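Spelled out, the chains give:
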Amino acid sequence: QVQLVESGGGLVQPGGSLRLSCAASGSISSLYAMHWYRQAPGKQREWVAVIRSGGSTNYADSVKGRFTISRDNAKNTVFLQMNNLKPEDTAVYYCYAGTVDSWGQGTQVTVSS
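None of the values given here were measured: they were computed from a predicted structure.

**Student:** Any chance you could explain the state of the cysteines here in plain terms?
**Tutor:** Disulfide: a covalent bond connecting the sulfur atoms of a pair of cysteines. Throughout the structure, instances matching the rule amount to one disulfide. The disulfide that involves Cys-22 links it to Cys-95, with 2.1 Å between the sulfurs. Since a negative S-S torsion denotes a left-handed disulfide, the Cys-22-Cys-95 link at about -85 degrees is left-handed. Here Cys-22, found in strand β3 (residues 18–24), pairs with Cys-95, found in strand β9 (residues 91–97); they are 73 residues apart in sequence, far enough to count as distant. Comparing Cys-22 with Cys-95, the two get one shared label, buried.

See below:
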């Protein structure tokens with residue numbers, strides 16, 4: 001029903017930055033809350049951040065102060081700005097649309113020197 005496509009992942013050194021993007025099909029991203037999750041090797045998928053339709057945000061304690069979630073409703077896109085990256089941030093990052101229960105395919109983020 002709703003298609004989400006993540007991009008922007010890659011290899012970065014500790015202390016570096018990346019910006020992930022999540023593009024939604026159609027003009028629908030403004031209608032519901034959008035989330036970022038991540039899943040590290042051998043670990044459960046964990047919630048990272050949420051931005052609601054009104055613009056309010058929340059973050060997991062592990063990323064608070066380093067990551068920023070934002071959205072551009074006109075472009076149907078959600079972003080995750082990741083600063084001061086740490087090796088423990090290494091994971092596949094997934095975009096999730098709450099109301100329509102839709103997941104993206106994920107994008108790999110690897111933090112290593």
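**Student:** Explanation requested: the pattern of salt bridges in the structure shown.
**Tutor:** Should the charged atoms of two oppositely charged side chains come close, the side chains can pair. Under the definition given, this model contains four salt bridges. For Arg-38, the salt bridge identified is with Glu-46, shortest N-O distance 2.7 Å. A relative accessible area of 5% places Arg-38 in the buried class. Shared partners join several salt bridges into a network, and the residues in it are Arg-38, Glu-46, Arg-66 and Asp-89.

**Student:** What am I meant to see in unusual backbone geometry here?
**Tutor:** Backbone phi values are negative for most residues with the exception of glycine, while trans is the configuration of most peptide bonds. Phi is positive for Asn-76, close to 55 degrees, though the residue is something other than glycine. Residue position: Asn-76 is located in the loop between β7 (67–72) and β8 (77–82).

**Student:** I'm lost on the packing of aromatic side chains in this one. Help?
**Tutor:** Each aromatic ring pair is characterised by the separation of its centres together with the angle its planes make. One pass over the structure, following the stated rule, counts four aromatic pairs. Geometrically, the ring pair formed by Tyr-37 and Tyr-96 is edge-to-face, given 6.0 Å between the ring centres and 90 degrees between the ring planes. You can see Tyr-37 sitting in strand β4 (residues 34–39) and its partner Tyr-96 sitting in strand β9, a full 59 residues away along the chain. Of the residues examined, Tyr-96 reaches a relative accessible area of 13% and is grouped as buried. With a centroid separation of 6.4 Å and an interplanar angle of 85 degrees, the aromatic rings of Tyr-94 and Trp-103 are classed as edge-to-face. With relative accessibility at 13%, the residue Tyr-94 sits in the buried group. Residue classification places Trp-103 among the partly exposed positions, given a relative accessible area of 34%. An aromatic cluster of at least three residues, connected via ring pairs, comprises Tyr-37, Tyr-94, Tyr-96 and Trp-103. For the cation-ring pair, Arg-45 lies above Trp-103, with the distance from its terminal atom to the ring centre recorded as 4.7 Å.

**Student:** Could you clarify how one ought to interpret the sheet that holds strand β1 (residues 4–7) in this entry?
**Tutor:** Adjacent strands of a sheet form backbone hydrogen bonds with each other and so pair up, either parallel or antiparallel. The strand order across the open sheet built from four strands is β1-β3-β8-β7, with neighbouring strands paired in antiparallel fashion. In the strand order of this sheet, the two ends are held by β1 and β7, each with one partner. When the angles between neighbouring strand axes are averaged without regard to direction, this sheet yields 15 degrees. Relative to β8, β7 runs antiparallel, the two sharing six bridges. When the sheet's bridge partners are listed, Phe-67 is paired in β8 with Met-82.

The rules behind these values
- Residues numbered from 1 in each chain as written.
- Predicted model: local features only at pLDDT ≥ 70, side-chain atom pairs only at ≥ 80, totals over all residues.
- Heavy atoms only, no water.
- Disulfide = S-S within 2.5 Å.
- Helix = DSSP H or I, 4+ residues; strand = E, 2+ residues; numbered from the N terminus.
- Buried < 20%, exposed > 50% of the residue type's maximum accessible area, 1.4 Å probe, protein only.
- Salt bridge = Lys/Arg side-chain N within 4 Å of Asp/Glu carboxyl O.
- Phe/Tyr/Trp six-rings, centres within 6.5 Å; stacked < 30°, edge-to-face > 60°.
- Lys NZ or Arg CZ within 6 Å of the ring centre and 35° of its normal.
- Pairing = 2+ DSSP bridges.
- Axes fitted to C-alpha atoms, helices over the stretch in contact; angles between N-to-C directions.

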